[in-house]
Amino acid sequence: MNAARENDSRRRGRAHGRLWLLASLFPLVLLAASALGAVNIGLADLWNLVAAPAQVPEIVRAVFWEIRLPRVLLAALVGAALALAGAGVQGLFRNPLADPALIGVSAGAALGAVVCFFFGWEGLLGGWLLPLAAFVGGWLAVLVLGIFNTGFAAGGTAKLILAGVALNAMLGSALGFFLFSASDDALRSMTFWTLGSCASAQWPQVVVLLIFLAIGGMLLWRNARSLDALQFGEEQAAHLGVSVVRVRREIIVAAALLVGAATAFAGTIGFIGLVAPHMARLLLGGLHRLVLPGALLLGAMLLVLADLGARTLAAPAELAVGILTAVIGGPFFLWLLRRPSSWSA
Amino acid sequence: MLRPATFLAVLLTAFSARAEPARIVTAGAAVTEIVSGLGLGPQIVAVDTSSKNLEHARDKPDVGYVRMLGAEGILSQKPDLFLASGEAGPPAVLEQIKAAGMDVVVVPNGYSLDNIDDKIRAIAAAAGRVEAGEKLITQVEADVQALRAATAANQGELPGVVFLLARHGGNLMVAGTETAAHAMIEASGGRNVAASFTGYKPLSAEIFAAATPDFVIVSESVGGDDTELLARVPGLGATPAGRQLRVIRVDDAAFLGFGPRTPSAATEVALVLRQP
Amino acid sequence: MIPNAPSLVAEGITLSRDTRRILDRVSLAVTPGKFLAVIGPNGAGKTTLLSVLSGLLKADDGRVMLNGREISGYSPAERARHCAVMRQDNARPSGMTVLEAVELGRLAHNAADDARPLARQMLWQMDLSDLADRDCSRLSGGEWQRVAFARTMAQLSGAEASGLLLLDEPISSLDPLHQHQLLGEARRLARDGHGVLAILHDLNLTAHYADEVALLAAGRIHSSGPASEIMQPSVLSEIYGCRMTEIRDGGQRALVSLPLPSVG
């Protein structure tokens, strides 16, 4: 029994150690991404920006404070939001292939944005109508899905997933219709939007997204233990004291808040919501008190690095960040999968 | 903590006295052409991808797709003027460039030959080359007059025309209304047979059920000879009308760009359409 | 609370799905200190009954009282503190150790700090200490069943008033030694004052461990009472449609079901 205890604490310690490692890598990644870019800002200037702004050329100050820093932070927040939502949805559906897209938020948000482009409204409300439309679109999709969040004796989760599939297909058709009917100009804007990008980052968006991340993250965090229990199956979880329907509602609401807000500001960005939670599980095990912060950090770092690539690899041109998330995250993920046992002792 | 607004105000005043720019970044092929037409070609330090096809812009750095620009990429070229066509974006990126203290001039877009003068005027004003601008306008107007002369004889039934756009992967798209191609077909004295829809749509044989075109206009960048091209167009090559069909090849940037070369490109097409 | 008042009472439970009646006026009571076995052929409605008794499924008619209160009035967490349930269909999570799985038995209990030592104790009781750090996904079916039972014991520990333990075929994957071990623990919990209800298929073990037996057939309670009365070959042969004979060994009751088709 003593040996077992030692083994156990060592392993638990290892998972915690890895989480701390991720947490300490995160500021380094942020720092590196803030220092690198098409406009050269050396480490010395980076320090001076804070310590002695007067010594830094005005153009560098402007680029750093108005363009680069909000963009790096937006990328971190978008990545974190998508990964958190993915961790929640995968835990809820007990399905490793579950993606936040499964609950229809992404498609709903895309439809909201596309409608906005279709009517040429994207510039209204000082440019805020577009994210608003995307967010509302995502929410409407989730509200429809919420109708199917009923009891669980008759396979509630399976029903929810099927409803999500049907909803996605319907939204996809509507999306196709608008894409087909759109003018050439609008079509190009829509296509660009659906590729995803953090290039439009501005401070107000960073603040808004931070608020959404805090709310969504708190909703998920308070259900972390329930998500653990749900891994035994919904009925067994209910016997352990989980209010399954309430937890399901809260997870879906959290995912909708997170994905809706992230998509509203950065367009549709795939891969992170699916893969970052898996990375967290492979590194840290399945307990959601570790998976949630792990996914948050991994998702944030992944998108910051992908966005760094998007703005530097072809500089002065921009690459689509969606291409790079998979290029950067894919090999790392495959490596994790290949390791004989990332988590299991 | 730094107050961004304060130094931005300083930057803006620094640039408000408009001198002739030394470093220009352009986005949009027509804009790039006009800037060159004003004799400012050497001052262009970077262009967007669509301008890369222009001979004099081939060696300049590429700031990317005109709708997917990045603020920092453009600023890294240290321009003192950023000239962009109306489709340039995303909007927030243009805002960011302005916020960084750069001079940003967005040139209105429009599928009309009259619009070219406005573009030239706007760019000439922004670049401090009003005189050169007027000279370019005179030249463009002369070209427009030549086009009018070429199409004046057209009476009654106008020749049916279809414009095929080559998209990525070699797919051919048909130009409907509300496209630059539609405007150019009309300006050249033709009638767009695919006027039942807007935008560019994938080829479908049904488009030609109502009206058979006499001419096909296609970019000179599309490979293959005319027979091969027509074979790719379902429901067209096999019809009697299809056999008489003639293919006109155009330079995309000149024909669709609504820049200084556009009126003469239209005249070339108009002369072909006029032939019996 | 009156001592030995039943902790769980079901009265006239009736449930239909479509036109099929699954449970028909089922009444039973689980008394603290007693081990009640529910037996019956496949499709008799045993698992459905368990879902109704544990408050997951609402009956069309009848009521279920848990410690004197209608079970539908409990919140899931409150219910979980009174009543621990081990289902048949327990999914095996990956990325979770056995110890962590057992700790989740304490989910509804507010004092989370005692979860770790308690979980260890339950694992030790179930002879599972060596597996404490094994990932759940790598357990055999039988090992996982014992872990699930350990978790259920952890959940029951310190239950308010007298706790209730509901087990749905808890020994279906176990070898004989561990069948005895698990049912022995269940009976011990009954002796400690908890009410225990277990759905069982093994008639021999039922006869050995149960104090009371309810015989469910086609959605009805065919008969119920002390194990010695119900576990009669004549009754069981009729219900299961299978010849039964009784073999006594050294004064102890033992029932053996012969796997022969009923004589036609």
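A brief structural summary.

Definitions and cut-offs
- Note that residues are indexed from 1 along each chain, following the sequence as it is written.
- Chain letters start at A and ligand numbers start at 1, both assigned in the order the entries are written.
- Local features in this predicted model are restricted to residues of pLDDT 70 or higher, and side-chain atom pairs are both shown and tallied only at a pLDDT of 80 or more, whereas totals for entire chains, interfaces and linings draw on every residue.
- Computation of side-chain values covers all heavy atoms of the structure but excludes hydrogens and water.
- Lines fitted to the C-alpha atoms define the axes, with helices restricted to the stretch that makes contact. Angles between their N-to-C directions range from 0 to 180 degrees.
- Put simply, DSSP marks the helices as runs of H or I at least four residues long and the strands as runs of E at least two long, and each gets a number from the N terminus on.
- Here roughly perpendicular refers to angles of 65 to 115 degrees, roughly parallel to angles under 35, roughly antiparallel to angles over 145, and oblique to all remaining angles.
- Each crossing gets its hand from how the near helix is turned against the far one by less than a right angle, where anticlockwise is left-handed and clockwise is right-handed.
- Contacts between residues were defined by any pair of non-hydrogen atoms, one from each residue, lying within 4.5 Å.
- Side-chain classes are defined by residue name, with Ala, Val, Leu, Ile, Met, Phe, Trp, Tyr, Cys and Pro counting as nonpolar, Asp, Glu, Lys and Arg as charged, and the others, Gly among them, as polar.
- Within this document, salt bridges are pairs made up of a side-chain nitrogen of Lys or Arg and a carboxyl oxygen of Asp or Glu, the two lying within 4 Å of each other.
- Strand pairing is assigned whenever DSSP identifies at least 2 bridges connecting the two strands.
- Only protein atoms enter the calculation, which uses a 1 Å grid: trapped sets of points that fit a 1.4 Å probe without letting it out are cavities, open sets showing protein on both sides within 12 Å along at least five of seven lines are pockets, and any residue with an atom within 4 Å of a point is a lining residue.
- Grid points are joined across faces, edges and corners, and a volume is the space filled by probe spheres set on the points.
- Pairing of aromatic rings covers Phe, Tyr and Trp, the last through its six-membered ring, and needs centres within 6.5 Å; plane angles under 30 degrees mean stacked, over 60 mean edge-to-face, and all others mean tilted.
- Relative accessible area decides the class of each residue, using a 1.4 Å probe on protein chains only: under 20% of the type maximum gives buried, over 50% gives exposed, and in between gives partly exposed.
- Think of it as a cone above the ring: NZ of Lys or CZ of Arg counts as a charge over the ring if it is within 6 Å of the ring centre and within 35 degrees of the ring normal.

All names here are of chain A. In contact at an axis separation of 9 Å, helix α4 (residues 105–118) and helix α7 (residues 184–195) are set at 155° when each is read in the N-to-C sense. Classified by the angle between their axes, α4 and α7 sit roughly antiparallel to one another. The interaxial crossing formed by α4 with α7 has right-handed handedness. Across from A109, A110, A113, V114, F117 and F118 in α4, the residues of α7 making contact are A186, S189, M190 and W193. In terms of residue class, the contact of α4 with α7 is made up of nine nonpolar, one polar and no charged.

So, about the pattern of salt bridges. Any two side chains of opposite charge can pair if their charged atoms end up close together. This structure, assessed with the given rule, holds 27 salt bridges over all chains. Between D228 of chain A and R225 of chain A there is a salt bridge, with the nearest N and O atoms lying 3.6 Å from each other. In this pair, D228 of chain A and R225 of chain A both sit in helix α9 (residues 224–230), three residues apart, roughly one turn of the helix. Put simply, R68, R71, D307, R311 and E318 of chain A together with E72 of chain B are held in one network by salt bridges that share partners.

The next point concerns the sheet that holds strand β5 (residues 69–70) of chain C. All names here are of chain C. Here we have four strands laid out as an open sheet, ordered β2-β1-β4-β5, and antiparallel in their pairing. The outermost strands of the open sheet, each flanked by one partner alone, are β2 (20–30) and β5. Each of β1 (8–17), β2 and β4 (61–66) is contacted by helix α1 (residues 46–53), which is oriented at about 60° to β2, the strand it contacts most.

A few words on the layout of surface pockets. One number sums up the size of the second largest pocket: a volume of about 840 Å³. In terms of lining residues, the second largest pocket is bounded by 34 residues, among which E122 and L130 of chain A together with P90, P91 and A92 of chain B are the most central. For the lining of the second largest pocket, the elements supplying multiple residues, two or more each, are α5 (129–146), α7, α8 (203–221) and α11 (244–266) of chain A together with α4 (91–99) of chain B. If you tally residues by element for the lining of the second largest pocket, the top one is α4 of chain B, at five residues.

For the coordinates displayed, the defined rule picks out twelve aromatic pairs over all chains. Note on W128 of chain A and F265 of chain A: the rings are 5.8 Å apart at their centroids and 85° apart in plane angle, and the pair reads as edge-to-face. Separated by 137 residues along the polypeptide, W128 of chain A in the loop between α4 and α5 and F265 of chain A in helix α11 bring together distant segments of the chain. Accessibility expressed as a relative area gives 33% for W128 of chain A, which makes it partly exposed. The rings of F118, F119, W121, F177 and F178 of chain A are connected pair by pair, giving a single aromatic cluster. Sitting over the face of the ring of Y74 of chain C, R69 of chain C holds its NZ or CZ atom 4.1 Å from the ring centroid. The aromatic ring of F232 of chain A is capped on one face by R151 of chain C, whose charged end is 4.2 Å from the ring centroid.

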